[in-house]
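This is what each chain is made of:
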There are 2 protein chains.
Amino acid sequence: MRYLQSPETGLTFSSVIPAVERAFENHCEGEVQMPPKVYVTFPKGDFRTMPAYIPALDIAGVKIVNVHPDNRAAGLPTVMALTVILDIDTGKPVALLNATRLTDMRTGAAGAVAAKYLAPKPDIVLGLIGSGRQAEAQLEAVSEVCALQEFRVWSRDEKNAEALISRYPQYEGKTGSLETVCDCDVLCTTTPSRTPIIRDSWIREGTHINAIGADAPGKQELDPAILLRAGVFIDDYAQATHSGEINVPVSEGLYDPALIRGTLGEVVCGKIGRKNATEITVFDSTGLALQDLAIASIAMQENGGVELTFP
Amino acid sequence: MRYLQSPETGLTFSSVIPAVERAFENHCEGEVQMPPKVYVTFPKGDFRTMPAYIPALDIAGVKIVNVHPDNRAAGLPTVMALTVILDIDTGKPVALLNATRLTDMRTGAAGAVAAKYLAPKPDIVLGLIGSGRQAEAQLEAVSEVCALQEFRVWSRDEKNAEALISRYPQYEGKTGSLETVCDCDVLCTTTPSRTPIIRDSWIREGTHINAIGADAPGKQELDPAILLRAGVFIDDYAQATHSGEINVPVSEGLYDPALIRGTLGEVVCGKIGRKNATEITVFDSTGLALQDLAIASIAMQENGGVELTFP
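Position numbers for residues count from 1 along each chain, tracking the sequence in the order it is written. Chain letters and ligand numbers both follow the written order, the letters beginning at A and the numbers at 1. The model is predicted, so local features are restricted to residues of pLDDT at least 70 and side-chain atom pairs to those at 80 or more, both for listing and for counting; the totals for chains, interfaces and linings are taken over all residues. Excluding hydrogens and water, the side-chain figures rest on all heavy atoms present in the structure.

Participant: Just to check I follow, could you spell out the interface of chain B and chain A for this structure?
Facilitator: How large an interface is tends to be reported as the accessible area lost when its parts come together. Every residue pair with non-hydrogen atoms within 4.5 Å of one another is taken to be in contact. The interface is formed by 46 residues belonging to chain B together with 46 residues belonging to chain A. Here chain B meets chain A over a buried area of about 3,700 Å², counting both sides, of which 74% is carbon and sulfur. Note on terms: buried area is the combined drop in 1.4 Å-probe accessible area of two parts once they are placed together, counting the loss on both. The largest contributions to the chain B side of the interface with chain A come from Phe 42, Thr 90 and Pro 311 of chain B, which together make up 13% of the buried area. In the sections that follow, a salt bridge refers to a side-chain nitrogen of Lys or Arg positioned within 4 Å of a carboxyl oxygen of Asp or Glu. Seen at the junction of chain B and chain A, the total is two salt bridges.

In C-alpha cells form, the structure reads like this:
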C-alpha cells in the first residue's frame, strides 16, 4: 500500500480534463457503481464519504472529504481529502492519495467539460465570482477548452481578485462589480453563499454558468429566476437536489426537478445539449466520486510515495 | 497523520469488550451518527464503507472493508480493513489503522457483550460452528464474560477444529458433529453459509446464539424455525434486514421483522433482555461502524506508527 502525499505533482489539466470527461461518459453509459455521497455532521463542519467503482478504468475506492469553514484560522484548508484505492481482484487497499489538491482539480475539470460542450462560442469572456482555489481551478481548466479573450473577477475583497489576476499575466484580467463580471460568456460561481448573490437581470442570453459553490443543503448562489430561464444540467440527480445549486429552490418549491434537462454525462454522450446560441445554460456541480477516481487513476501512474505494510 | 500497521498489538479483550459495550450504550441513547453501511460490488467480492461519529468518545471516521472469498488462494485474508480517523474540530485525517485484526476483535467483542447479557447462566458450555479467525475471536471474547466449563467445535474439516482446540489448552475442548456442538449454552455460528446448516431440533431451550456469519444478502446459518422460537436481538435494523442472519427469512416472508425484540444497544441499556432461563435468544450480528470506532479509540492510545505528511 502506497501513500502519495503530493499526487498532483506534474498533473496538468490537459490530461485531467479528458480523464474526467471519460468518467462522465462512463456515468452516462451506466457502467459504474456510485452510491450517493454520505454526510456525517460535526459541530463545526462535516465530512462526506464517496465510494465508487469504474470497471472501464479498473479502479475503485473511496474519497473521504471534510468541509470546515473555520479552518483557515487554524492554518488548515477548509476542504481536505483522502482517497483510498482498492484492488478490484482482492479488495486490498493499494494506494492512499492526499486528494486535497486533486479535489480542486477534478472540480475544475468538470467545469471545463461543461464549458467545452455548453459554452455559447469558442472565444469567450470568462467571469469568476469568488477568487479562491476553485476560482483559480476554473480559470485554468476552462482556458484549456475555450480561448480566453478576457477574464473578469469579483471577490468580496478586491485585493484577492487583484492577486488572482496578477498570477495569470498571460490573460487579460480585470476586477469588476458583480454585475460587470456577470456580463460574460462563461460564468463560474465559486462562493460558499447561502443567499442568491447573482441577480437574474445581470445574466444575458447565451451565457453558460458553472454553478460550483453550492455543495451542501442550504447553499445557493443564483437567483432561482435564472434557473427558470435556463437549461439546467446536473452531475447527479440525488446529489443535486440534496445539496447542489438547485437544492434550496427545489425545497422551497421555486424549481421543479422535472425541469432538469439532464446530466453532464448525457451531454458528453451527445444525448442532450445547448439548444441554441441564445439559451442560458447552467451546470450544477456537486462533485462525483467518479471524478475522484478518474483523477486518481492518472495520479497513480507516477512512481514515488511512501510504501506502507498492509495487511 | 499516523499509519498504524499493527494497532492490535497489546490490545486485549478485557479492554476492548467494555469499549464496545459503551458504544452499544451510546447507540441506544441515540448519541451517535451512523449512516447505513454502503456496498460496492466487484466481480469476485465487494467492499463496504462505514462512516460514523461518536461524540461521547470524541471520535469519528470511516472503515473500508472488503470481502473476497477467494483471497486465500492469493495468500491474502478474505476480509481486510482500513479505518481512517478524522479530527472532529478540523476534519483532518489524523490516523489510518490497519483494521483487519481489529475487525475480528470488535466482532468478537460484540459477541461477548451479547453473551454477557443474554447467556442463560454464568458457567457455560460454548459451541463454535466454524473454526476460523472469528470462531477464535468468539472463544476468546466470550470466555472473558462467561466461565467456560467446556467448548465444542465443529468445522467442515475436523483437522481445523482440532488445531483450534490445541491452541487453547487452558480450556476443555472437544470436536463434535453439528448436532453435538449445538447442544450447548452459548452457540457462535461463524461460517459463510448460504443455507441453514443449523437445524431447529438441535437447539435446546435456554440456548443463546451469536449468529455472526451472515453479513451480506443471501447468507444464513440458522433454520428460520429457530428465529420463530427465539427472542431475536439485532445490532442495527437496516443492516440486519438487508444483510444479517434474518435477511433471507425476511425476504422470503418466513420471518416478520416486526418480531425483532430490539437492538443489542437496548439490551445494554437495560430496556429489554432475556425473558426467562428457557427462552432461546439470538443475537444477529452484522457489525457496526461504532464498534470500529470504539476499538480504534483504544488502539490509537498506543504510540508508534509511521508519520505521514498531510495535507
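Participant: Where do I start with the packing of helix 1 (residues 13–28) of chain A against helix 10 (residues 289–299) of chain A in this structure?
Facilitator: When two helices pack together, their arrangement is given by the angle between their axes and by how far apart the axes lie. Residue and element names in this part refer to chain A. Lines fitted to C-alpha atoms define the axes here, with helix axes fitted over just the stretch in contact, and angles between the N-to-C directions of these axes take values from 0 to 180 degrees. Comment: elements are numbered from the N terminus, with helices defined as DSSP H or I runs of at least four residues and strands as E runs of at least two. At their nearest, the axes of helix 1 and helix 10 sit 9 Å apart, and the two run at 135° to each other. Here helix 10 runs oblique to helix 1, going by the angle between their axes. The crossing of helix 1 and helix 10 is right-handed. Contacts from Ser 15, Val 16, Ala 19, Val 20, Ala 23, Phe 24 and His 27 in helix 1 reach Leu 290, Gln 291, Ala 294, Ile 295 and Ile 298 in helix 10. Put simply, Ala, Val, Leu, Ile, Met, Phe, Trp, Tyr, Cys and Pro go in the nonpolar bin, Asp, Glu, Lys and Arg in the charged bin, and everything else, Gly too, in the polar bin. Taken together, the residues of the contact of helix 1 with helix 10 sort by class into nine nonpolar, three polar and no charged. The scheme is simple: roughly parallel for angles under 35 degrees, roughly antiparallel for over 145, roughly perpendicular for 65 to 115, oblique for anything else. Here a crossing is called left-handed whenever its near helix is offset anticlockwise from the far helix by less than a right angle, and right-handed whenever the offset is clockwise.

Participant: Got a minute to help me understand the pairing of strand 8 (residues 147–154) of chain A in this structure?
Facilitator: Side chains on a regular strand alternate between the two faces of the sheet. All names here are of chain A. Relative accessibility thresholds used throughout: buried, under 20% of the residue-type maximum; exposed, over 50%; partly exposed, between the two (1.4 Å probe, protein chains only). Of all eight residues that make up strand 8, six are buried, and the element is covered over most of its length. The definition of a right-handed crossover adopted here requires that, viewed with the strands pointing away, the path from the first strand over the helix to the second runs clockwise. Since strand 7 (residues 123–129) and strand 8 lie parallel, the crossover through helix 3 (residues 133–145) that links them has a hand, and here it is right-handed. Pairing between strand 8 and strand 9 (residues 173–175): three bridges, direction parallel. Across the sheet, the residue bridging to Phe 151 is Gly 173, located in strand 9. Handedness of the strand 8-helix 4 (residues 158–166)-strand 9 crossover: right-handed. We treat two strands as partners when DSSP finds at least two bridges between them.

Participant: When you look at the relation of the copies chain B and chain A in this model, what are you seeing that I'm missing?
Facilitator: Between the two copies of the chain lies a rotation about an axis combined with a shift along it. All copies are superposed by least squares; the fitting set is the C-alpha atoms of residues with a pLDDT of at least 70 in both. When chain B is brought onto chain A, the operation consists of a screw motion whose angular component is 180° and whose axial shift is 0.0 Å, with 0.0 Å RMSD remaining. The relationship between the two copies is best expressed as a two-fold rotation axis. Relative to the rotation axis, the C-alpha of Thr 49 of chain B is the closest in chain B, positioned 3.9 Å from it. The share of interface residues of chain B whose copies in chain A are also at the interface is 100%, consistent with both copies meeting through the same surface.

Participant: Help me understand the packing of aromatic side chains in this model?
Facilitator: The geometry of two aromatic rings is summed up by the distance between their centres and the angle between their planes. Geometry of aromatic contacts follows a simple scheme: Phe, Tyr and Trp rings, the Trp one being its six-membered ring, pair when their centres are within 6.5 Å, and the pair is stacked under 30 degrees between planes, edge-to-face over 60, tilted otherwise. Counted according to the given criterion, the structure contains six aromatic pairs over all chains. Ring geometry for Phe 151 of chain A versus Tyr 171 of chain A: centroids 6.4 Å apart, planes at 90°, classification edge-to-face. In this pair, Phe 151 of chain A is assigned in strand 8 and Tyr 171 of chain A in the loop between helix 4 and strand 9, connecting sequence segments 20 residues apart. We classify Phe 151 of chain A as buried; its relative accessible area is 0%. Cluster of aromatic residues (ring-pair linked, three or more members): Phe 42 and Phe 47 of chain A together with Tyr 53 of chain B.

Participant: Help me out: how do you make sense of the pattern of salt bridges in this one?
Facilitator: Where charged atoms from two side chains of opposite charge come close, those side chains can pair. What the rule picks out here adds up to 36 salt bridges over all chains. The shortest N-O distance in the salt bridge between Lys 44 of chain A and Asp 89 of chain B comes to 3.9 Å. Note that Lys 44 of chain A is positioned in the loop between strand 2 (38–42) and strand 3 (45–54) and Asp 89 of chain B in the loop between strand 5 (81–86) and strand 6 (93–98), a pairing that runs across two chains. Residue Asp 89 of chain B is classed as partly exposed on the basis of its relative accessible area of 45%. For Arg 204 of chain B, the salt bridge is made with Asp 183 of chain B, and the minimal N-O distance between the two is 2.6 Å. Placement of Arg 204 of chain B in the loop between strand 10 (186–189) and strand 11 (208–211) and of Asp 183 of chain B in the loop between helix 5 (178–182) and strand 10 is noted, with a sequence separation of 21 residues between them. Salt bridges sharing partners connect three or more residues here, namely Lys 121, Glu 150, Arg 152, Lys 174, Asp 183, Asp 185 and Arg 204 of chain A.

Participant: What is the right way to look at the side chain of Asn 26 of chain B in this model?
Facilitator: Inspection of the secondary structure puts Asn 26 of chain B in helix 1 (residues 13–28). The contacts of Asn 26 of chain B, once residues within four sequence positions are left out, are Glu 31, Val 32, Ile 54 and Ala 56 of chain B.

Participant: Is there a simple way to explain unusual backbone geometry in this structure?
Facilitator: Note on backbone geometry: most residues besides glycine have negative phi, and most peptide bonds are trans. For the bond from Phe 310 of chain A to Pro 311 of chain A, the omega torsion is -10°, close enough to zero to count as cis. Within the secondary structure layout, Pro 311 of chain A lies in the segment after strand 15 (306–307).

Participant: How should I be thinking about the pairing of strand 14 (residues 280–284) of chain A in this particular structure?
Facilitator: Residue and element names in this part refer to chain A. Counting buried residues in strand 14 gives five out of five residues, a clear majority hidden from the surface. Alternating residues of strand 14 divide into Ile 280, Val 282 and Asp 284 and Thr 281 and Phe 283, and every residue in both groups is buried. Note: strand 11 (residues 208–211) against strand 14, four bridges, orientation parallel. If you follow Asn 210 over to strand 14, its bridge partner there is Phe 283. Relative to strand 14, strand 12 (residues 230–234) runs parallel, the two sharing five bridges. Residue pairing for strand 14: Ile 234 is matched across the bridge by Asp 284.

Participant: Just to check I follow, could you spell out the domain arrangement of chain A for this structure?
Facilitator: Residues and elements named next belong to chain A. Considered domain by domain, chain A is made up of domain 1 (2–102 + 290–307) and domain 2 (111–287). In this complex, domain 1 contributes 21 residues to the contact, which on the side of domain 2 involves 25 residues. Summing the contributions of domain 1 and of domain 2, the shared interface buries around 1,900 Å²; its carbon and sulfur component is 62%. Contact with domain 2 buries area across many residues of domain 1, yet Phe 13, Glu 21 and Phe 24 alone supply 29% of it, more than any other trio. Put simply, domain 1 and domain 2 have two salt bridges between them. Across the salt bridge formed by Asp 215 and Arg 48, the nearest N and O atoms sit 3.6 Å from each other. Here a polar contact means two N or O atoms within 3.5 Å. Within protein one must be a hydrogen donor candidate and the other an acceptor candidate, and residues neighboring in sequence count only if both atoms are side-chain atoms. Where domain 1 touches domain 2, the interface holds seven residue pairs in polar contact (both at pLDDT 80 or more). If you list the elements that add at least two residues to the side of domain 1 that touches domain 2, you get helix 1, strand 3 and helix 2 (100–118). Domain delimitation follows an automatic or database domain assignment.

Participant: Could you clarify how one ought to interpret the sheet that holds strand 2 of chain A in this entry?
Facilitator: Remark on secondary structure: sheet strands pair via backbone hydrogen bonds, oriented parallel or antiparallel. All names here are of chain A. Read from one edge to the other, the open sheet built from seven strands follows the order 2-3-4-5-6-1-15, with strand pairing classed as mixed. Of all strands in the sheet, those with a lone pairing partner are strand 2 and strand 15, marking the two edges. Two elements, strand 3 and strand 4 (residues 59–67), share nine bridges in a ladder whose sense is antiparallel. Bridge pairing in strand 4 places Ala 52 opposite Gly 61.

Participant: Just to check I follow, could you spell out the sheet that holds strand 9 (residues 173–175) of chain B for this structure?
Facilitator: Residues and elements named next belong to chain B. Spatial ordering of the open sheet is given by 9-8-7-10-11-14-12-13, a layout of eight strands whose pairing is parallel. Edge positions in the open sheet fall to strand 9 and strand 13 (262–263), since each of these has one partner strand only. Where strand 10 and strand 11 come together, four bridges link them in parallel fashion. Counterpart to Leu 187 in the pairing with strand 11 is Ile 209. Contacts between helix 3 (residues 133–145) and the sheet are confined to strand 7 (123–129), strand 8 (147–154), strand 10 and strand 11, with strand 7 contributing the most and set at about 170° to the helix. Most of the contacts of helix 4 (residues 158–166) go to strand 9, to which it runs at about 180°, and overall it touches strand 7, strand 8 and strand 9.

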